[in-house]
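Observations on the model geometry
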Amino acid sequence: MPTHDLVIVANRLPVDARTLPDGATEWVTSPGGLVTAMESVMRTVDSGAWVGWHGTPGQAPEPFAADGMHLYPVPLSEQEVSRYYEGFSNGTLWPLYHDVIVDPEFHRTWWDAYVRANRRFAQAAVSATAPGGTIWVHDYQLQLVPELIRSARPDVRIGFFNHIPFPPVELFSQLPKRNQVLRGLLGADLVGFQRESDAMNFVAAVRHLLGYQVDQYTVTVPGIGSEPARQVTARSFPISIDTAAVSALTEDPALQERAAELRRELGEPAKIVLGVDRLDYTKGIRHRLKAWGELLDDGSIDPHDTVMIQVATPSRERVDAYRQLRDEVELTVGRINGDHAPIGRPAVSYQHRSFDRRDMTALYMASDVCLVTALRDGMNLVAKEYVASRPDLRGVLVLSEFAGAADELRAAILVNPHDIDELKAAILQALNMPEEEQEQAMLSLRRQVLDHDVQAWARAFLAELESVGAPGGGTPAP
Ligand code: ADP
Ligand code: F6P
């Protein structure tokens, strides 16, 4: 197996394998913000490798190259998909790390599968990495991987980035095996988070639960036996998007025409309001629909001139909470349309499928308001994509204060989505905002997104990793 200087390890590869009716394999872009961000970073890296699962249970395909990246598929059995991915990752950690919006479940068999799968990802990463190379581990599914890599390959630099929030210690403490998870993460030289508050939560958990010495964002991990103590840095690195790629799309006349065509297809409404999310209970889709339904009920919005488009990418469809959410969302959309849609035009146009980048950008360009109402979200790239898609300085972003993006996008209309009255008022404010005000806010939002793109994010993380990680065991404690 060839080895690489930079190896990304994530639960998913940037592409998912789908089996076609004739038995052939089709590769499609994987869902989620992690892939959107890392794919554009990896395209600019020479000879970078990506280790991850290819999206279906069973045997892994042979390593292959795509878009200049070297992809190393990691196999997961049916049972591992159910216990490691749907179970411990998305039935335990995901709800716990997102403020227990639904109850996390704890099962020892899920934990055992999580450990087994983490070992396999770590082993695959170790085999793919050149001597003295760098391994960058991503997200909550792989929190044990940094320590596993360190024990096998003390010669490599190890970075970890958590794309989702890290919970306050009071919530994190509920997690059985919490100390193993913290020790797993502390195998890295640098542990990165989206928000400052996530980094603070992490170091607080390390101090309270492991009793390690913490100096601001530097943790001293005691050595075992003759091993010296080492230092680990925890810091925030807010992720972003490939702003230049989005900007280039907005200049394409075919896309501008597609945006105009979308408006025509919807019957030339005066206003289009857009939501784009994975169909996930963290995204506040139910709250958004409730607010929208009430605005229609009380006559504040006229469905003859205002349309909502809700794009809801299928996600984790075998996990109970996601099935329930889908049923509720589809019932609510059906009710709203039954009560309010004019004949031949929806009040809510609901799209339960994936779109390609071009169509997604055309949707952003066509929409007067973008609603991001997450109840908790690590960052939320949709908010940044919308801003990057509006070089015309039109459009209004309504943004939940519980999304990481709210730290940076201060010129959005910031809302607490739990307060349905506040959400309704924010939607009306956005729909009625004068053009000069839209321009002013959009200018400020765009400055932020244009100046801080995903390439700058990756450079900042890797430069910090270079400065803190000394191959041969990490930075020794003074
Ligand atoms: P998360 O990582 O939780 O899914 P983000 O908002 O950070 O949330 O990232 C979502 C990414 O997925 C964005 O890049 C967005 O454009 C993309 N996306 C969301 N819905 C769809 C869809 N239906 N089709 C294609 N891409 C989508
Ligand atoms: O960062 C959010 C994230 O959870 C990624 O870790 C994940 O890959 C993506 O969204 C989509 O979720 P999934 O991989 O479970 O489909």
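Below is a summary of the structure that appears in this document. (Residues numbered from 1 in each chain as written. Chains lettered and ligands numbered in written order. Predicted model: local features only at pLDDT ≥ 70, side-chain atom pairs only at ≥ 80, totals over all residues.)

A short note on the overall build of the protein chain
Using the following cut-off: Only DSSP runs of H or I reaching four residues or more are called helices, and only runs of E reaching two or more are called strands; each is numbered from the N terminus. With C-beta atoms placed from the backbone, a residue is buried if 20 or more other C-beta atoms are within 10 Å of its own, exposed if 12 or fewer are, and partly exposed between those counts. Here contacts are defined at the residue level, using C-beta atoms placed from the backbone and a cut-off of 7 Å between them.
Of regular secondary structure, the protein chain possesses 16 helices and 19 strands. A burial count over the protein chain gives 48% of its 478 residues as buried. Across the protein chain, every contact between residues at least 6 apart in sequence was considered, and the portion connecting residues at least 24 apart equals 73%.

Things to note about the packing of helix α10 (residues 285-297) against helix α11 (residues 320-340)
Let me state the cut-off plainly: Working convention: axes come from line fits to C-alpha atoms, limited for helices to the stretch in contact. Angles between N-to-C directions cover 0 to 180 degrees. Roughly parallel means an angle under 35 degrees; roughly antiparallel, over 145; roughly perpendicular, 65 to 115; everything else is oblique. Helix crossings get a hand from a simple test, with the near helix turned counterclockwise from the far one by less than a right angle marking a left-handed crossing and a clockwise turn marking a right-handed one. All amino acids are sorted into three groups, where Ala, Val, Leu, Ile, Met, Phe, Trp, Tyr, Cys and Pro are nonpolar, Asp, Glu, Lys and Arg are charged, and the leftover types, Gly among them, are polar.
Relative to each other, α10 and α11 sit at 10°, their axes nearing to 10 Å. In terms of orientation, α10 and α11 fall into the roughly parallel class. In the crossing of α10 with α11, the sense of the turn from one axis to the other is left-handed. Every residue of α11 that contacts α10 at Ile285, Arg286, Leu289, Trp292, Gly293 and Leu296 is listed here: Glu328, Val329, Thr332, Val333, Ile336 and His340. Among the residues forming the contact of α10 with α11, the class breakdown is seven nonpolar, three polar and two charged.

Some thoughts on the nonpolar core
To be explicit about the condition: Think of a nonpolar core as buried Ala, Val, Leu, Ile, Met, Phe, Trp, Tyr and Cys residues, each tied to the set through C-beta atoms within 7 Å.
In terms of nonpolar packing, the biggest core is built from 144 residues, with Val9, Val51, Ala125, Leu397 and Val398 touching the most fellow members. If one sorts the elements of this core by residue count, helix α3 (residues 108-128) sits on top with 11 residues. Ignoring anything within four residues of it in the chain, the contact list for Val9 reads Val51, Gly52, Phe121, Ala125, Ile135, Val137, His138, Leu142 and Val145.

Let's talk about the environment of Arg195
The topology assignment puts Arg195 in the loop between β9 (190-193) and α7 (196-210). By the C-beta count within 10 Å, which is 21 here, Arg195 ends up buried. Leaving out residues up to four positions away in the same chain, Arg195 has contacts with Ser236, Gly404 and Asp407.

A few points about the site of ligand 1
The following threshold applies: Nearness between a residue and a molecule or strand is assessed with a C-beta atom placed from the backbone; a distance within 6 Å qualifies.
Surveying the vicinity of ligand 1 reveals 15 residues, the closest of which are Gly33, Thr36, Thr313, Ser354 and Leu381. Considering every element that reaches the shell around ligand 1, the biggest residue donor is helix α13 (residues 381-388), with three residues. Of the residues in the shell around ligand 1, the class split is seven nonpolar, six polar and two charged.

Quick word on the sheet that holds strand β15 (residues 348-351)
Working definition: the strands of a sheet are paired by backbone hydrogen bonds and lie parallel or antiparallel to each other. What counts is decided by this rule: We call two strands paired when DSSP finds no fewer than two bridges between them.
Strand order in the open sheet formed by six strands is β15-β14-β13-β16-β17-β18, with parallel pairing between adjacent strands. Looking at the sheet topology across the chains shown, the edges are occupied by β15 and β18 (413-415). Mean inter-strand twist for the sheet, computed between neighbouring axes without regard to direction, equals 20°. Bridge analysis of strand β14 (residues 306-313) against β15 gives four bridges, and the strand direction is parallel.

Observations concerning the packing of helix α9 (residues 253-265) against helix α12 (residues 357-366)
Contact geometry of α9 with α12 gives a least axis separation of 8 Å together with a crossing angle of 60°. With respect to α12, the axis of α9 lies oblique. Crossing hand, α9 versus α12: right-handed. Every residue of α12 that contacts α9 at Leu255, Arg258, Ala259, Leu262 and Arg263 is listed here: Arg358, Thr361, Ala362, Leu363, Met365 and Ala366.

Concerning the site of ligand 2
Around ligand 2, the neighbouring residues are Asn11, Arg12, Pro31, Gly32, Gly33, Leu34, Asp139, His163, Ile164, Ser315, Arg316 and Gly378. Listed by contribution, the elements that provide at least two residues to the shell around ligand 2 are β1 (4-12) and α1 (33-42). Class assignment of the residues belonging to the shell around ligand 2 gives a composition of three nonpolar, six polar and three charged.

Thoughts on α11
Condition: Expected helix span is given by 1.5 Å per residue-to-residue step, counting one fewer step than there are residues. For this quantity, the arc is that covered by the directions from the helix axis to the C-beta atoms.
Look at α11: 30 Å from first C-alpha to last across 21 residues, which is about the 30 Å you get at 1.5 Å a residue. Considered for burial, the residues of α11 that qualify are Tyr322, Leu325, Val329, Val333 and Ile336. All buried residues of α11 lie within an arc of 65° about the axis, which places them on one face of the element. When the buried face of α11 is taken as reference, the exposed residues oriented beyond 90 degrees from it are Asp320, Gln324, Asp327, Leu331, Gly334, Gly338 and Asp339. For α11, the elements touching its buried residues are α10, β14 and β15.

Let's talk about unusual backbone geometry
A positive phi angle, close to 80°, is found at Asp139, a residue other than glycine. Along the chain, Asp139 falls in the loop between β7 (129-138) and α4 (145-152). Here Asp139 falls in the buried class, since 21 other C-beta atoms lie within 10 Å of it.

Overview of the pairing of strand β11 (residues 218-221)
Side-chain positions along a regular strand alternate between the two faces of the sheet. Taking every second residue as pointing to the same face, the buried face of β11 carries Val219 and Val221, while none of Thr218 and Thr220 on the other face is buried. By the bridge criterion, three bridges tie strand β10 (residues 213-215) to β11 in an arrangement that is antiparallel. When the sheet's bridge partners are listed, Gln213 is paired in β11 with Thr220. The loop that links β10 with its antiparallel partner β11 comprises two residues; one of these, Gln216, has a positive phi angle of about 55°. As paired elements, β11 and strand β12 (residues 230-236) share four bridges and run antiparallel to each other. Within the sheet, the bridge partner assigned to Thr220 lies in β12 and is Gln231.

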